[in-house]
Structures are given as C-alpha cells and as structure tokens.
Amino acid sequence: WQPASGATTYKFERRKVGASSNDETVTTAALAWAPKAKMADGAWEWRVSSLDAGGKVLGATAWRGFLVDGTAPTITSYTPKTTAKKTASFVVKFSEPVSSVHSKSFTLKVKGSTTKLLATVTLNAAGTKATLDPKVDLKPGKSYTATLNAGVRDAAGNRLVLFSWNVKAA
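Residues numbered from 1 in each chain as written. Predicted model: local features only at pLDDT ≥ 70, side-chain atom pairs only at ≥ 80, totals over all residues. Heavy atoms only, no water.

1. Overview of the pattern of salt bridges
Part 1: Throughout the structure, instances matching the rule amount to 3 salt bridges.
Part 2: Between glutamate 13 and arginine 47 there is a salt bridge, with the nearest N and O atoms lying 2.8 Å from each other. Pair noted here: glutamate 13 is in strand β1 (residues 9-16) and arginine 47 is in strand β3 (residues 42-51), with a separation of 34 residues, a long-range link.
Part 3: Between glutamate 45 and arginine 15 there is a salt bridge whose closest N-O contact spans 2.6 Å. Taken together, the positions of glutamate 45 in strand β3 and arginine 15 in strand β1 put the pair 30 residues apart, joining distant regions of the chain. The pair glutamate 45 / arginine 15 is uniform in exposure class, with both members buried. (Salt bridge = Lys/Arg side-chain N within 4 Å of Asp/Glu carboxyl O. Helix = DSSP H or I, 4+ residues; strand = E, 2+ residues; numbered from the N terminus. Buried < 20%, exposed > 50% of the residue type's maximum accessible area, 1.4 Å probe, protein only.)

2. Structural notes on the nonpolar core
Part 1: By size, the foremost hydrophobic cluster in this structure holds 23 residues, and its most contacted members are Phe90, Phe94, Phe106 and Leu148.
Part 2: Looking at this core, the elements that each hand over two or more residues are β8 (90-94), β10 (106-110), β11 (119-123), β12 (129-134), β13 (143-148) and β15 (163-169).
Part 3: Here phenylalanine 106 is in contact with Phe90, Val92, Val101, Val121, Ala130, Thr131, Leu132, Thr147, Leu148 and Trp165, once residues within four sequence places are set aside. (Core = buried A, V, L, I, M, F, W, Y, C linked by side-chain atoms within 4.5 Å. Contact = heavy atoms within 4.5 Å.)

3. A word on the sheet that holds β12
Hydrogen bonds along the backbone pair up the strands of a sheet, which may run parallel or antiparallel.
Part 1: Taken in spatial order, the 4 strands make up an open sheet running β6-β8-β12-β11, and their pairing is antiparallel. Taken across any chain shown, the strands that pair with only one partner, and hence form the sheet edges, are β6 (75-79) and β11. The sheet shows a mean angle of 15° between the axes of neighbouring strands, taken without regard to direction.
Part 2: Bridge analysis of β6 against β8 gives 4 bridges, and the strand direction is antiparallel. Across the sheet, residue isoleucine 75 finds its bridge partner in β8, namely phenylalanine 94. (Pairing = 2+ DSSP bridges. Axes fitted to C-alpha atoms, helices over the stretch in contact; angles between N-to-C directions.)

4. As for the sheet that holds strand β7 (residues 83-84)
Part 1: Taken together, 4 strands build an open sheet; the order of strands is β7-β15-β13-β10 and the sheet is mixed. Edge positions in the open sheet fall to β7 and β10, since each of these has one partner strand only.
Part 2: The sheet contact formed by β13 and β15 spans 6 bridges and is antiparallel. From the neighbouring strand, leucine 148 faces β15, where its bridge partner is phenylalanine 163.

5. Describing unusual backbone geometry
Part 1: Backbone torsion omega between threonine 79 and proline 80 reads -10°, so that peptide bond is classified as cis.
Part 2: Looking at the element boundaries, proline 80 is found in the loop between β6 and β7.
Part 3: Even without glycine at this site, serine 100 takes up a positive phi of about 65°.
Part 4: In this fold, serine 100 is placed in the loop between β9 (98-99) and β10.
Part 5: Judged by relative accessible area, which is 27%, serine 100 ranks as partly exposed.

6. A closer look at the side chain of asparagine 158
Part 1: The residue asparagine 158 is located in the loop between β14 (153-154) and β15 in this model.
Part 2: Under the relative-accessibility criterion, asparagine 158 is labelled buried at 17%.
Part 3: Within polar-contact distance, the side chain of asparagine 158 engages the backbone oxygen of aspartate 69 at 2.9 Å.
Part 4: Polar contacts involving the side chain of asparagine 158 include one to the main-chain carbonyl oxygen of threonine 71, which spans 3.2 Å.
Part 5: If near-sequence neighbours (up to four positions away) are discounted, asparagine 158 is found in contact with Asp69, Gly70, Thr71, Ala72, Pro73, Val152 and Arg153. (Polar contact = N/O pair within 3.5 Å; in protein donor to acceptor, adjacent residues only side chain to side chain.)

Shown next as structure tokens:
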C-alpha cells in the first residue's frame with residue numbers, strides 16, 4: 001500500500017471471506033505485510049487502515065479478496081482399472097479443474113516399453129476429466145501402462161503428482 005498523509009502506523013487485517021472476525025491483525029510502520037505462517041487454502045480478504053500517532057484510524061481501504069491454493073490436484077477416479085477391452089479409452093477424473101493435459105502429459109505404452117502409443121487426448125470443458133483414445137486397438141494378452149505426469153497442473157500452478165497404472169488387454 002501507499003503511505004497515507006499523517007499516518008505513523010498501519011493496521012493490516014485478514015479474514016476468511018464472509019467471516020465476522022479477523023484471523024490476523026497486525027500493526028506495522030511498514031508499507032507491506034506478509035503472513036509468517038502458511039495460510040489455509042480458501043477465499044480470503046484483507047484491508048489496511050492508516051493510524052495516526054495516537055492510534056486513531058485516519059482511513060481504511062475496502063476489503064480486497066484473494067485466493068490461496070497450495071493443494072495439488074489429484075486423481076479421483078480412473079478407468080479401466082485392471083482389464084481393458086481392445087477398443088478401450090482411458091479416462092481420469094481430477095479433484096479440481098486442471099490444464100496442460102495432452103499427448104505429452106497423458107500417455108499409454110506397452111508395459112516395459114519406452115515408446116508411447118499414438119493416441120488422442122482430450123480434456124472436458126470443465127477441466128475435470130481427461131480421455132486418452134488409442135489410435136490402434138490394444139492387443140489381447142498384452143499389458144499397458146497409462147501415465148499422467150507432473151505437467152498437469154491446476155489454476156494456481158500446483159502440479160499433479162506422477163500417476164500411473166497398469167491394465168491387461170482382454
């Protein structure tokens with residue numbers, strides 16, 4: 001914030017959106033403040049009041065909102081689980097909207113191989129479900145490994161932890 005005429009200190013206040021009491025109140029002579037402890041995920045708001053030498057409020061900003069998201073997205077479900085039909089599509093659902101899901105971040109390989117099978121990868125409009133459609137039929141009796149890598153991330157930039165699973169084509 002910028003200095004206010006006549007102010008000797010500033011009162012910083014932070015609260016959860018909709019709360020009637022503050023989670024943090026700090027008086028400082030500085031023109032900035034940052035929390036000293038990790039903040040919980042969620043919607044927060046803050047404001048600053050300028051104070052004179054006697055501690056009287058000279059003015060205050062409006063409450064200003066911000067979001068904290070320190071939680072990485074996770075896989076909530078995936079199919080097929082253990083056995084796949086030769087024409088199977090591989091589908092994963094995420095705990096929150098994600099981006100950067102494409103043929104480099106969602107892959108399918110014959111188990112033990114380093115060669116990716118050609119596939120079309122799509123992400124639904126909400127960013128919560130990805131589908132990998134192999135361009136060739138799976139070979140019955142062969143095992144395959146589907147992998148999602150850390151290139152997948154949420155709106156805050158938190159990366160998905162590497163996730164892979166094996167299926168056998170039937």
